[in-house]
Amino acid sequence: MQSLPPSPVRFEHLPDGLGVGTGTPRLSWTTPPEAGDQQAYEIEIRRGDRTHRTGRVATADHHLVPWPAEPLVSRERAAVRVRTWSATGTEASPWSAPSPVEAGLLTPDDWTAVPVGAGWAEDPTAERRPARVRGHFRTGDKPIAHARLYITAHGLYEAEINGTRVGDETLAPGWTVYPHRLRYRTHDVTPLLDPGANTIGAWLADGWYRGKYGFDGGTRNIYGTDQSLIAQLEITHTDGTITVVATDHTWQAAFGPILTSGLYEGETFDARLDDPHWATPSAPQDGWTPVRTGKRDTRTLVAPEGPPVRCTQDIPPVTITRTADGRHLLDFGQNLVGRLRLTADGPAGTTLTLRHAEVLQDGELATRPLREAHSTDTLVLPGTGPYTWEPRFTLHGFRYAEISGWPGELTPEAVTARVHHTDMRRTGWFECSDPMVNRLHENVLWSMRGNFVDIPTDCPQRDERLGWTGDIQVFAPTASFLYDCAGMLDSWLTDVGLEQLPDGTVPWYVPVIPGEPMWTPIQPGAAWGDVATLTPWVLYRRFGDLELLRRHYRTGRAWVDLVERLAGPDRLWDTGFQLGDWLDPAAPPEDPAAGRTDRYLVATAYFAHSARHLAHAARALGHTADAVRYDTLADEITAAFQSRYVHADGRMSSDSPTAYALALAFDLLDASRRQAAGDRLAELVLLDDARVATGFVGTPLVCDALTDTGHLDTAYRLLLQTDCPSWLYPVTMGATTVWERWDSLRPDGTLNPGGMTSFNHYALGAVADWLHRVVGGIEVTAPGAAVLTFRPRPGGGITWARTRHETPHGTASLFWETTPSGLKARITVPPNCTAVAELPGRAPVGLGPGTHAFPATEGD
Ligand code: BGC
């Protein structure tokens, strides 16, 4: 018998099984490395007094296995466990620890709650003060088995029951295309209920729903003018009956201590108005008035597909300096996204003002890059002793904070920076002998953390923070190595599909909100719109979820079909507005799209790449006719691309690194011109001593294009260049995140004067994917990482690298080190995977699960 059980079963791409949005959640588990490959499994599902067992199912499948029993109905609970058989033994493994799963509210009729919010008159054109709402209720006389709270809001909410906070989510319910999908979450609130009288209350704020959002001062009321809670508390008694307490006309509303709150603006909190008992049965009635009830189509309420945003780390200040006029300047040593928590004591009415910025200029916060986002929090002290506070409904991008009005001495223990983002499971690590490359990698990681805030955003600090499609399109390969972002991006891609225009146009950013004239009306643009085809494919490769690929296939196909129509019979997409190789360092500041690469060359290259990937997806999904059609289309576009943009000798009409990188990485050249193009690319890269000469489009591709045409050394020179522009230049300037521009901070220490100067943008960090695959040497070569290639390509004086990736099957890792007698390596292949090791100078060798050591002398 195998001595170790499989891992506990996981459901879909969720962190736990509470409140799943489907009656048939798919099941995944991993088997222990020692167990050998799985030959069979048996799943057991216990629900009430019924037990369903699949019996022994002879298969190696262990990832996203279809729910094998009757679907769960709303609220139904089950415990799921699995045991497996491996090749090494005829007996089953022990059962895994049981994983609880519980369906959320699966049908629209399950909801009785209606939106409730302030009953008083509000001026929708002005800043409105946030409300709190509450309802008193009794639990009834019957003993309680368990209680669930299903909850969401128009705006943002934080709920309390009898004075205790429910859950630990930040900015719930997150941001989706609200008219179509509003996410609710399920909480187990059993321990919060008291016998007899109880109170549930919620803090509310405008958030994305009706707060001012978007560039140029933003737009109010994007989704509606109300700010409301939708909550349904269901108390299940031991006799099976259910008491439902839902938001309705009996609830009350009042102002709370939050005076103002905005995602960009920050929050103002008057702690003199704070009454910690406001959501308890004994709370006074003064000031509470009946709510106004609203409407919500309950068909649009959806369960989460991934983890929520929450605080994942606390960072103490590294230094605190006092300015001559008495302000305190705090440096947290890391550019991050979150907010401050502080404990202060002073006379009632003492006002503390907290400002935030990513960089300093002349010893002061540099807030110009924030544009209209004030990012200022204000706390008025109650004068009742030490008071601990953290704003609730705002986030800031900052490394530095300035606090004015602090009473007395400010000690480091009194303030921490709390890091908030979507709380994804970390799955990727990379480290090598070069400390600057490691810092670059850390910066990429931090920029991912800062910008994966329910949706994948471009930047976290200025008046933008939008789901720019191009940014995540280029970053998805890196993101999906570093974190399990399948659930979060699957949800966001659903919104991409919802926001797609009827003609197939994919918006520049999703969710769509009013924008500058440049983005309205929405026009189709290459590299951004291609998120529809390329990102589902990346996720399918990494996470092996064919259903995810299927869900987003139509969106991708409509996109390619649109571009096909735009391009016309000559297959060249050479009309309309394009962003080209956005932020090419040679582009003039006033037109970041006007780099050295013809924007229509970029457009046609992406057209070919998307058509090819659509064909791949079609084939994987069994749409054979589509596969043939889009492969043919891709062939035709490739031919058109060659005759329009590539000369006979391999030179290209845009003689720029991005042009060659695109043609090579997207496989748009015939064999005879490939090498010449690669050689020219290397020449161009070295012309300016390997300073970077690419923008959003070329940057993620250039190292691969060099590597694949025999110019690995040049790729390393590019990676290791420290002069501006380069990946390591920001590191030399003390960067702790990836910048939007190669020179967001210029060599003379001044801010880039451009209107867009973010210090936390992940797009140019897409090079980390090359670090993982080429320097680190771990490459996924079949969907779901079922086949891995371990192919490190050392260079650049780097003497060792250690890379690890949690695949759907378990841990893959590779450590290599150069020694005087050659390269030594240690490779771990997860169970149920096959792998090939292609170590430099050695013949490829097939590997099975387990850890394999390659001593330095072997084969040398
Ligand atoms: C964003 C980008 C985005 C770009 C598109 C910028 O304002 O920050 O990252 O992709 O606009 O032009």
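Refer to the structure presented above.
Because the structure is predicted, anything quoted here is derived from the model rather than measured.

### Examining the overall build of the protein chain
Point 1. Counting its secondary structure elements, the protein chain contains 14 helices and 44 strands.
Point 2. Its C-alpha atoms give the protein chain a radius of gyration of 28 Å, within 12% of the compact-globule value 29 Å for 860 residues.
Point 3. C-alpha atoms of the protein chain, sized along the principal axes, occupy 85 × 75 × 60 Å.
Point 4. Residues classed as buried in the protein chain amount to 62% of the 860 residues present.
Point 5. Expressed as a percentage of contacts within the protein chain between residues at least 6 apart in sequence, the contacts between residues at least 24 apart total 73%.
Point 6. Accessible surface, the protein chain as shown: approximately 29,900 Å² in total, 52% of it carbon and sulfur.
Point 7. Taking the 77 positively charged and 104 negatively charged side chains of the protein chain as two groups, their mean positions are separated by 3 Å.

### So, the packing of helix α6 (residues 546-567) against helix α7 (residues 599-621)
Point 1. Put simply, α6 and α7 touch, their axes get as near as 9 Å, and they point 145° apart. α7 is crossed by α6, and the crossing has left-handed handedness. For the pair α6 and α7, contact is made by Leu546, Leu549, Arg550, Tyr553, Gly556, Arg557, Trp559, Val560, Val563, Glu564 and Ala567 and by Phe607, Ser610, Ala611, Leu614, Ala617, Ala618, Ala620 and Leu621, respectively.
Point 2. Here the residues of the contact of α6 with α7 are counted per class, giving 14 nonpolar, two polar and three charged.

### Points about the pattern of salt bridges
Point 1. Tallying each qualifying case throughout the model produces 68 salt bridges.
Point 2. Measuring nitrogen to oxygen at the nearest pair gives 2.7 Å for the salt bridge that ties Arg210 to Asp206.
Point 3. Judged by its relative accessible area of 0%, Arg210 falls in the buried class.
Point 4. A residue is classified by how much of its surface remains accessible, and Asp206, at 6% relative accessible area, is buried.
Point 5. The closest approach of N and O atoms between Arg310 and Asp423, which form a salt bridge, is 2.9 Å. Here Arg310, found in strand β24 (residues 309-315), pairs with Asp423, found in the loop between β33 (415-422) and β34 (428-432); they are 113 residues apart in sequence, far enough to count as distant.
Point 6. We classify Asp423 as partly exposed; its relative accessible area is 26%.

### Thoughts on helix α4 (residues 486-499)
Point 1. Over its 14 residues, α4 runs 20 Å from end to end, which matches the ideal 20 Å to within 8%, given 1.5 Å per residue.
Point 2. In terms of residue burial, α4 counts as a mostly covered element, since 11 of its 14 residues are buried.
Point 3. What α4 keeps buried is the set Ala486, Gly487, Met488, Leu489, Asp490, Ser491, Trp492, Leu493, Asp495, Val496 and Glu499.

### Some thoughts on the sheet that holds strand β42 (residues 834-837)
Point 1. A sheet is described by the order of its strands in space; here four strands give the open sequence β37-β38-β42-β43, paired in mixed fashion. In this open sheet, the two strands that pair with only one neighbour each are β37 (778-780) and β43 (845-847). For this sheet, the mean angle separating the axes of adjacent strands, direction not counted, is 25°.
Point 2. Note that β42 and β43 share three bridges and pair antiparallel. Bridge pairing links Ala837 to Val845 in β43.

### Comments concerning the site of the ligand
Point 1. Near the ligand lie 13 residues; those nearest to it are Asp458, Arg462, Glu464, Asp471 and His761.
Point 2. A distance of 2.5 Å separates an oxygen atom of the ligand from a polar atom in the side chain of Asp471.
Point 3. In the environment of the ligand, an oxygen atom lies 3.0 Å from a nitrogen or oxygen atom belonging to the side chain of Trp528.
Point 4. In isolation the ligand has 310 Å² of accessible area, and contact with the protein removes 98% of it.
Point 5. Along the lines of polarity and charge, the residues of the shell around the ligand split into seven nonpolar, one polar and five charged.

### A closer look at the side chain of Ser447
Point 1. Among the secondary structure elements, Ser447 is positioned in helix α2 (residues 435-451).
Point 2. Apart from residues no more than four positions distant in its own chain, Ser447 is found in contact with Thr737, Val738, Asn760, His761 and Tyr762.

What counts as what
Residues numbered from 1 in each chain as written. Predicted model: local features only at pLDDT ≥ 70, side-chain atom pairs only at ≥ 80, totals over all residues. Heavy atoms only, no water. Helix = DSSP H or I, 4+ residues; strand = E, 2+ residues; numbered from the N terminus. Rg over C-alpha atoms; globule rule 2.2 N^0.38 Å. Buried < 20%, exposed > 50% of the residue type's maximum accessible area, 1.4 Å probe, protein only. Contact = heavy atoms within 4.5 Å. Areas by Shrake-Rupley, 256 points an atom, 1.4 Å probe, with all protein chains shown as cover. Lys, Arg positive; Asp, Glu negative; His and termini not counted. Charge placed at Lys NZ, Arg CZ, Asp CG, Glu CD. Axes fitted to C-alpha atoms, helices over the stretch in contact; angles between N-to-C directions. Left-handed = near helix turned anticlockwise from the far one by under 90°. Nonpolar A, V, L, I, M, F, W, Y, C, P; charged D, E, K, R; others polar. Salt bridge = Lys/Arg side-chain N within 4 Å of Asp/Glu carboxyl O. Expected span 1.5 Å × (residues − 1). Pairing = 2+ DSSP bridges. Near = heavy atom within 4 Å. Polar contact = N/O pair within 3.5 Å; in protein donor to acceptor, adjacent residues only side chain to side chain.

Function cannot be read off these values alone, since they describe shape.
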